[in-house]
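Survey of secondary and tertiary structure
What follows is the residue order along each chain.
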Amino acid sequence: MKEEISDHALYRYIEDHTTEEDPLLTELERQTHLRVISPRMISGRVQGKTLEMLSRMIRPKYILEIGTFTGYSALCLAKGLPPEGELHTFEIDDELEALAASFFARSPQGHQIHPHIGSALRQAPNLERVFDLVFIDGDKREYTEYYRMLMDRQLVKSGSYLLADNVLWYGKILEEIPPNDHHTRNILEFNRMIQEDSRVENVILPLRDGMTLIRVI
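Right, let's walk through the structure included here. (Residues numbered from 1 in each chain as written. Predicted model: local features only at pLDDT ≥ 70, side-chain atom pairs only at ≥ 80, totals over all residues. Heavy atoms only, no water.)

**Let's talk about the pairing of strand β7 (residues 211-216)**
Both strand β5 (residues 156-165) and β7 contribute to a ladder of five bridges, which runs antiparallel. Counterpart to Tyr-161 in the pairing with β7 is Arg-215. Direction of pairing for strand β6 (residues 200-205) relative to β7: antiparallel, over a ladder of six bridges. Within β7, the position partnered with Glu-201 by the bridge is Arg-215. (Pairing = 2+ DSSP bridges. Helix = DSSP H or I, 4+ residues; strand = E, 2+ residues; numbered from the N terminus.)

This is the structure:
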């Protein structure tokens, strides 16, 4: 019987056959691991390159990101912006602001990235923008509220794309959920909501912890 291939070995193969990230992103990932709690939350090379390529294909004028963390995903998404485009990214943890801003300032797209500290639920509608691409990677307990905000407040339009990260939630979506596990419950409700919404079409990509690609019809 052949030896079973481990998930780690398979991911290493995938990473080895994915285009190298640029030096700025490599440095940001290193600094994130050195300076930030829970550095595994960073997008990393494979997901980052996926976000970059999707953004380049969609060519969005306006991008909304919910959950900046240290700025890796924003830097990747911004590469698909046209010269007049904007990326607005929201982060509730103000202690991460300086680190992300320092790397935005060194990026060729840095002047197009507009960081915001605070709740996207409260602040994003005030931007008066209709977004072509949205990346949802904020508080998992608020995923359903993010989606309602985007759709009901018309922050997206027909042809807009939404990307939602962590929709498989470490496999917890298939397990019995403890009463106090609000993160998993909201992810499950979000996944159900997307699947049943006739206004969109969707597919879950088995990338890292699962990422749903959603197109507004």
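**Topic: the layout of surface pockets**
The gaps left among the atoms become clear once a water-sized probe is rolled over them. The calculated volume of the largest pocket comes to roughly 1,100 Å³. In terms of lining, the largest pocket is formed by 39 residues, of which the most central are Met-41, Phe-69, Asp-137, Gly-138 and Lys-140. Mapped onto the lining of the largest pocket, the elements with two or more residues apiece are α4 (72-78) and β2 (86-91). (1 Å grid on protein atoms, 1.4 Å probe; cavity = no way out; pocket = protein on both sides within 12 Å on 5 of 7 lines; lining within 4 Å. Points joined across faces, edges and corners; volume = space filled by probe spheres on them.)

**Digging into the environment of Leu-51**
Structurally, the position occupied by Leu-51 is in helix α3 (residues 44-58). Between the C-alpha atoms of Leu-51 and Ala-100, which are 49 residues apart in sequence, the distance is 18 Å. Ignoring sequence-local partners within four residues, the contact set of Leu-51 consists of Ser-43, Ser-73, Cys-76, Leu-77, Phe-135, Leu-163 and Met-211. (Contact = heavy atoms within 4.5 Å.)

**Some remarks on the environment of Leu-213**
Within the fold, Leu-213 resides in strand β7. When the C-alpha positions of Leu-213 and Phe-135 are compared, they lie 9.5 Å apart, and in sequence the two are 78 residues distant. Ignoring any residue separated from it by four or fewer positions in sequence, one finds Leu-213 in contact with Tyr-161, Leu-162, Leu-163, Glu-201, Asn-202 and Val-203.

**Section: the nonpolar core**
Of all hydrophobic cores here, the largest spans 30 residues; its most connected members are Leu-64, Val-134, Ile-136, Tyr-147, Leu-150, Leu-162 and Phe-190. Those elements that place two or more of their residues in this core are β1 (62-66), β4 (131-136), α7 (143-152), β5, α8 (182-196) and β7. The element that contributes the greatest number of residues to this core is α7, accounting for six residues. Leu-28, Ile-42, Phe-135 and Leu-207 belong to the second-largest nonpolar core, a separate cluster that totals 29 residues. (Core = buried A, V, L, I, M, F, W, Y, C linked by side-chain atoms within 4.5 Å. Buried < 20%, exposed > 50% of the residue type's maximum accessible area, 1.4 Å probe, protein only.)

**Side note on the pairing of β4**
In terms of burial, β4 is largely enclosed, as six of its six residues are buried. Of the pairings in the sheet, the one linking β4 to β5 comprises five bridges and is parallel in character. For Phe-135, the partnering residue across the bridge sits in β5 and is Leu-163. After leaving β4, the chain enters α7 and then returns to the sheet as β5, a path that is right-handed. (Right-handed = clockwise from strand over helix to strand, strands pointing away.)

**Some words on the sheet that holds β5**
Spatial ordering of the open sheet is given by β3-β2-β1-β4-β5-β7-β6, a layout of seven strands whose pairing is mixed. Strand pairing shows two members of the sheet lacking a second neighbour, β3 (113-117) and β6, which therefore form its edges. Across this sheet, the average inter-strand angle for adjacent strands is 15°, counted without regard to direction. In the sheet, β1 pairs with β2 via five bridges, with the strands oriented parallel. Looking across to β2, one finds that Glu-65 is bridged to Thr-89. (Axes fitted to C-alpha atoms, helices over the stretch in contact; angles between N-to-C directions.)

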